[in-house]
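Residue strings, one per chain:
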Amino acid sequence: MTPDELPPLPPLVDQHCHRVLREVPTTVAEFERWLAESPHPPAAGTSYFDSQLGLAVRRWCAPALGLPAYATPDDYLRARTALGAPEAHHRLLAAAGIGTFLVDTGLPAGGAASSDAGGPSNGGGGWTDKRRTGNGSWADDGPGYVDRHPDGRWAAHGGRPSTAATPPRGSNDAAGAWVGVGEMAAGVGGTARVVTRLECLAEAAADRAGQDTDAFLAGLAKAIGAARATSVAFKSVAAYRHGLQLAPEPPSRAELWTAAEHWLLTRPAGGRLRNPVLARHLLWSAVETGLPLQLHTGFGDADLRLHRADPALLTDFVRAVGPTGGPLVLLHCYPFHRRAAHLAAVHPQVHVDLGLTLSHVGTRAGAVLAETLELAPFGKVLFSTDAYGLPELYLVGARQFRQALAEALTQLAAPRAEWPRIAALLAADNARRVYRLD
C-alpha cells in the first residue's frame, strides 16, 4: 500500500517538535547542516544531502515548492529563495497536514519564545547564551543539545557559513530569528501547546538563586507549579545530561539539599544541570504533577552517549512511578525501539514515539514502525516529527510517517476494515488521549 492509498487520517498531532527559523539558509553549505545531528561540518568531499534525510527532503519537499521530486539541492534552494521564506514556510507546513503542535520550548533559546502559545516560556524561566571558547568552538551550556553552529573547522572544509541567517543555536541574540509557536501553528490553521523542559526550569531557578540552596529549591518548586498550569507535558533530556541509569526512587530531603548545595557552589555561570540526584528530583516532580513526561531515549546528537540512552535503563523508574499514573512518553527510541515497545507493552503508563527516527532512516521507516508494533499496543504509539529549525523537517516527518504507516498496516493481522481506526490512533487519537487535548 502506498501513502496515497492510506485511509483518510485526521489532522496529525505532532506530539514533540520545536520552532523553525524565520529565515532559512539559502546556500547548500549553510542549509545542509540542519540535516544532521552532528555539530560538525560534513567530512571533506561529502554532503549531508547524501543521507537518508537529505534524500527525503529532496523527495518530499521539492514538489511542495513546485519542483519535481529529487530536484538537486541547488535547484531546490534557488526555487525556495525565489518564493521567499514566508511562502515557502507556508507551503511546506501546510503540506505536512499537522493540526496540533506540541512544542518543546527548551529549544531554541532566547526570550519569551513561547508566550504566544498560551503561557510563559518554560514557566517564566530563561535560557543561557552560548559562550565562545578560545579554540573557536561553541561551548554548550544551554538546554541540552550540542549546537549545530559550526566550529572553526568549517574553514578547512570550504569556508564557514554565514551566521546572519542562522545565528548560534541557543543564542539570545537569535530570539527574533525564530517563528513564534502560536504564529507557526496559526499560519496553517492549527493550534499549538507548550511542552516545558525540566532542565531549563532548574537552570533558570539556579540563575535566580545564586548560591542560596533554599531559594533554589523553593524557586524550582514554584516554577514547576507555574509550568504545570501552562503546559500539556514536561520533557527531560536526562539521557544527554547524565544518562538514564538513574536510581529509581526519589531523593530524600537531605540528599536533595546536599546535591543542590553542591551544584550551586560548583556551577559555572549559566552551567547545565548534570547532577543525577537533581535529575531524579526533576523527574519525580514532573510525574507527581499528573502531566505526561516525555523522555529522550535512543539516538541524538554528538552530546549523547548512546549506551546511556537505552530506554531499558528506565525499567526500575517506570515500575517505581507506576502508582502515580502519570503517562511516560519515550521519544525517538532508535535503535532500541523494540526495547521501548516492550516497556509500552507491559507498563500501562508507557507510550513510545519514533519522531526523529522515521525522518532519518529513510526507506527503513516502515520496517522500524512495524518492528515497534510487534510488541507495542496500537494505542501506545504516537506520532511526532521532532522538527527543528527547518519547516522542511515537519513535512519530511509527516510524509515519512505516512509512508511507514502504509507499509506497517499491510503487515498487521488486522482485517483491512480495521486499518482506518488503527491509523487514526497512531496519527492523532493516542496523543489526544494522552495529553487530554479534547
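As the structure is a computational prediction, the values presented were derived from the model and not from experiment.

Undergrad: Even after reading the chapter, I still don't get helix α10 (residues 276-288), so can you show me in this structure?
TA: Think of an α-helix as turning once every 3.6 residues; residues three or four places apart then point the same way. When the terminal C-alpha atoms of α10 are compared, their 18 Å separation across 13 residues agrees well with the 18 Å that a helix rising 1.5 Å per residue should span. The buried count for α10 comes to 11 of 13 residues, which makes it a mostly enclosed element. Among the residues of α10, V277, L278, A279, R280, H281, L282, L283, W284, S285, A286 and V287 are the ones counted as buried. In this structure N275 caps α10, since a side-chain oxygen of it lies 2.8 Å from the backbone nitrogen of V277. At the exit of α10 stands G290, carrying a positive phi of roughly 90°.

Undergrad: Help me understand the packing of aromatic side chains in this model?
TA: What characterises a pair of aromatic rings is the spacing of the ring centres plus the angle enclosed by the ring planes. Scanning all chains against the criterion turns up 10 aromatic pairs. Consider the rings of F31 and F49, whose centres lie 5.9 Å apart with planes at 10°: the pair is stacked. With a gap of 18 residues between them, F31 in helix α1 (residues 28-31) and F49 in the loop between α1 and α2 (52-64) connect regions that are remote in the sequence. Relative to W178, the ring of W34 has its centre 6.4 Å away and its plane inclined at 75°; by these criteria the two rings are edge-to-face.

Undergrad: Got a minute to help me understand the confidence of the model for the chain in this structure?
TA: Residues shown with low pLDDT carry predicted positions that ought not to be read at fine detail. Summing up the model confidence of the chain, the mean pLDDT is 86 and the portion of residues at 70 or higher is 84%. Low pLDDT, under 50, characterises residues 109-175; the predicted model gives this stretch 177 contacts beyond four residues in sequence or across chains.

Undergrad: Hey, could you run me through the sheet that holds strand β1 (residues 12-17) in this one?
TA: Adjacent strands of a sheet pair through backbone hydrogen bonds, lying either parallel or antiparallel. Overall, parallel pairing links the eight strands, which are arranged β1-β2-β5-β6-β7-β8-β9-β10 in an open sheet. Two strands lie at the open edges of the sheet, namely β1 and β10 (381-382), each paired on one side alone. Note: strand β8 (residues 328-332) against strand β9 (residues 350-353), three bridges, orientation parallel. In the strand pairing of β9, L328 is matched with V350.

Undergrad: Please explain unusual backbone geometry as it appears in this structure.
TA: Most peptide bonds take the trans configuration, and most residues that are not glycine carry a negative phi. Each neighbour pair has its own omega, and for Y334 with P335 the value is 5°, a cis peptide bond. In this fold, P335 is placed in the loop between β8 and α12 (337-346). One non-glycine residue, H332, lies in positive phi territory at about 75°. Its place among the elements puts H332 in strand β8. One non-glycine residue, R436, lies in the positive phi region at around 55°.

Undergrad: Would you explain the pairing of strand β5 (residues 191-197) in this entry?
TA: The side chains of a regular strand alternate between the sheet's two faces. For β5, the tally of buried residues reaches five of seven residues, placing the bulk of the element in the interior. Inspection of the sheet shows strand β2 (residues 98-104) paired to β5 by five bridges, in the parallel sense. Residue D104 lies in a different strand from β5, and its bridge partner there is V195.

Undergrad: How do you make sense of the environment of G271 when you look at a structure like this?
TA: Locating G271 in the fold gives a position in the loop between α9 (253-266) and α10. The exposure class assigned to G271 is buried, which follows from its relative accessible area of 2%. Along the sequence, G271 and D207 sit 64 residues apart, while their C-alpha atoms lie 9.1 Å from each other. Not counting residues up to four positions away in its chain, the partners in contact with G271 are E203 and W263.

Undergrad: What is the right way to look at the packing of helix α7 (residues 213-230) against α9 in this model?
TA: A packed helix pair is summarised by two numbers, namely the angle formed by the two axes and the spacing between the axes. Interhelical geometry of α7 versus α9 gives an angle of 110° and a closest axis separation of 9 Å. Classified by the angle between their axes, α7 and α9 sit roughly perpendicular to one another. Contact residues: T213, D214, F216 and L217 in α7; L256, W257, A260, E261, W263 and L264 in α9. Looking at the contact of α7 with α9, its residues break down into seven nonpolar, one polar and two charged.

Undergrad: Is there a simple way to think about the side chain of H332 in this case?
TA: Among the residues examined, H332 registers a relative accessible area of 0% and is labelled buried. A distance of 3.4 Å separates the side chain of H332 from the backbone nitrogen of L356, its partner in a polar contact. Non-local contacts of H332, meaning those with residues more than four positions away in its chain, are made with H16, H296, T297, D353, L354, G355, L356, T357 and D386.

The rules behind these values
- Residues numbered from 1 in each chain as written.
- Predicted model: local features only at pLDDT ≥ 70, side-chain atom pairs only at ≥ 80, totals over all residues.
- Heavy atoms only, no water.
- Helix = DSSP H or I, 4+ residues; strand = E, 2+ residues; numbered from the N terminus.
- Expected span 1.5 Å × (residues − 1).
- Buried < 20%, exposed > 50% of the residue type's maximum accessible area, 1.4 Å probe, protein only.
- Polar contact = N/O pair within 3.5 Å; in protein donor to acceptor, adjacent residues only side chain to side chain.
- Phe/Tyr/Trp six-rings, centres within 6.5 Å; stacked < 30°, edge-to-face > 60°.
- pLDDT = per-residue confidence, 0-100.
- Contact = heavy atoms within 4.5 Å.
- Pairing = 2+ DSSP bridges.
- Axes fitted to C-alpha atoms, helices over the stretch in contact; angles between N-to-C directions.
- Parallel < 35°, antiparallel > 145°, perpendicular 65-115°, else oblique.
- Nonpolar A, V, L, I, M, F, W, Y, C, P; charged D, E, K, R; others polar.

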